[in-house]
Amino acid sequence: MHIFVHWNKSDAPKVLQYTCSANRQLLNIEGRKMASVPQEESNAAGTTAGRRSFVLALFALSGAAVAVLLSVPLVRFTIFPLREKETDTTWSDVGPIQELSSITAPVSKTITFEHRDAWETASHQTAVYVLPPKAGRVSVLSPVCPHLGCAVRWVSEHNEFLCPCHGGSFTATGERIAGPPPRSMDSLETKVEDGILKVRYQYFRQMIPQKEVLA
Ligand code: FES
C-alpha cells in the first residue's frame, strides 16, 4: 500500500490518498476510487520487494557460512585434549622378554613414560609389576591402587600385593582379596618388539568397580 501525505507548514500533515494493493486502485481518503494504478507500477513494486528479499536471503546465507567457517578453529581448539587423549600412545621399555619370561614371582621394574596433559608433555618414572608368564604370556600390572591411588607393594612373605594406605590386599596375579579397593589391580597393555617387553602406561579412574582409562 502507498500513502500520499499532504504537508502544510501551518497545518498538521494529512493523508490525502492511498493505493489499494488488492485491486491496484488509487483511492482518496474517503475510500472513493480516483484512478487505477498502472500494471507496470504494481509489477515494479513487486519486483523491488522480491529483489530486496533475495538480497536479504543472500546476506543471511553469507552470514551463516562465515559463522560456520569461524567456528571450525574454535571447535578444534576446544576438543584438542579429547582427540589427543585418544591418540596418546607412548610405549615404554620394561626389559628383555627372555629374562622376564623366566621369573617365578612378581618383579618390580622401573619404566620411563611420557604423559601428555592437555598441551604439555612430561617425562615420568614409575614402577610396574611384571607377573610370571601364563601360557607363555607375560603380563604387567599398574602399581596404583584402584581405591585412592596409593602405591601397592609386592610383599613376598605374604605372597600378596598390599596397599599401605587402607589395607587393601590382592593375590599374586592382582585379584582383589580384601579392603576398600573396588576392583582388582589394573593390568597394562604390553607388546614385544625386538626382544624387548614394552608397556603402555596409563592411569585409570579410582573408586569405581570397572577399569576406565583416564589418560
Ligand atoms: S588407597 Fe589402597 S586401600 Fe586405600
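The structure under discussion appears in the preceding block.
Residues numbered from 1 in each chain as written. Predicted model: local features only at pLDDT ≥ 70, side-chain atom pairs only at ≥ 80, totals over all residues.

Chemist: Describe the overall build of the chain, naming the residues involved and giving the relevant values.
Modeler: When you go through the chain residue by residue, the secondary structure sums to two helices and 14 strands. Counting the 215 residues in the chain, one finds 13% classified as buried. (Helix = DSSP H or I, 4+ residues; strand = E, 2+ residues; numbered from the N terminus. Buried ≥ 20, exposed ≤ 12 C-beta atoms within 10 Å, placed from the backbone.)

Chemist: A description of the nonpolar core should follow, citing residues and the corresponding values.
Modeler: Among the nonpolar cores identified, the biggest contains 19 residues, and V94, V128, Y129, V130, V140, L141 and V152 are the most heavily contacted of them. Sorting the residues of this core by element identifies strand 7 (120–134), strand 8 (137–141) and strand 14 (196–200) as the ones contributing at least two each. The element that contributes the greatest number of residues to this core is strand 7, accounting for four residues. (Core = buried A, V, L, I, M, F, W, Y, C linked by C-beta atoms within 7 Å.)

Chemist: Go over the environment of V144 with me, naming the residues and quoting the values.
Modeler: Within the secondary structure layout, V144 lies in the loop between strand 8 and strand 9 (153–155). In this structure, the C-alpha to C-alpha distance between V144 and T126, residues 18 residues apart in sequence, is 9.9 Å. For V144, the residues in contact, after removing those within four places along its chain, are G149 and A151. (Contact = placed C-beta atoms within 7 Å.)

Chemist: Please give an account of the sheet that holds strand 12 (residues 176–178) that cites residues and values.
Modeler: Pairing in this open sheet of four strands is antiparallel, and the strands run 9-10-11-12 from one edge to the other. Two strands in the sheet have a free side with no partner beyond their single neighbour: strand 9 and strand 12. When strand 10 (residues 160–162) meets strand 11 (residues 169–170), the two strands line up antiparallel, connected through two bridges. Residue pairing in the sheet places L162 in a bridge with S169 of strand 11. (Pairing = 2+ DSSP bridges.)

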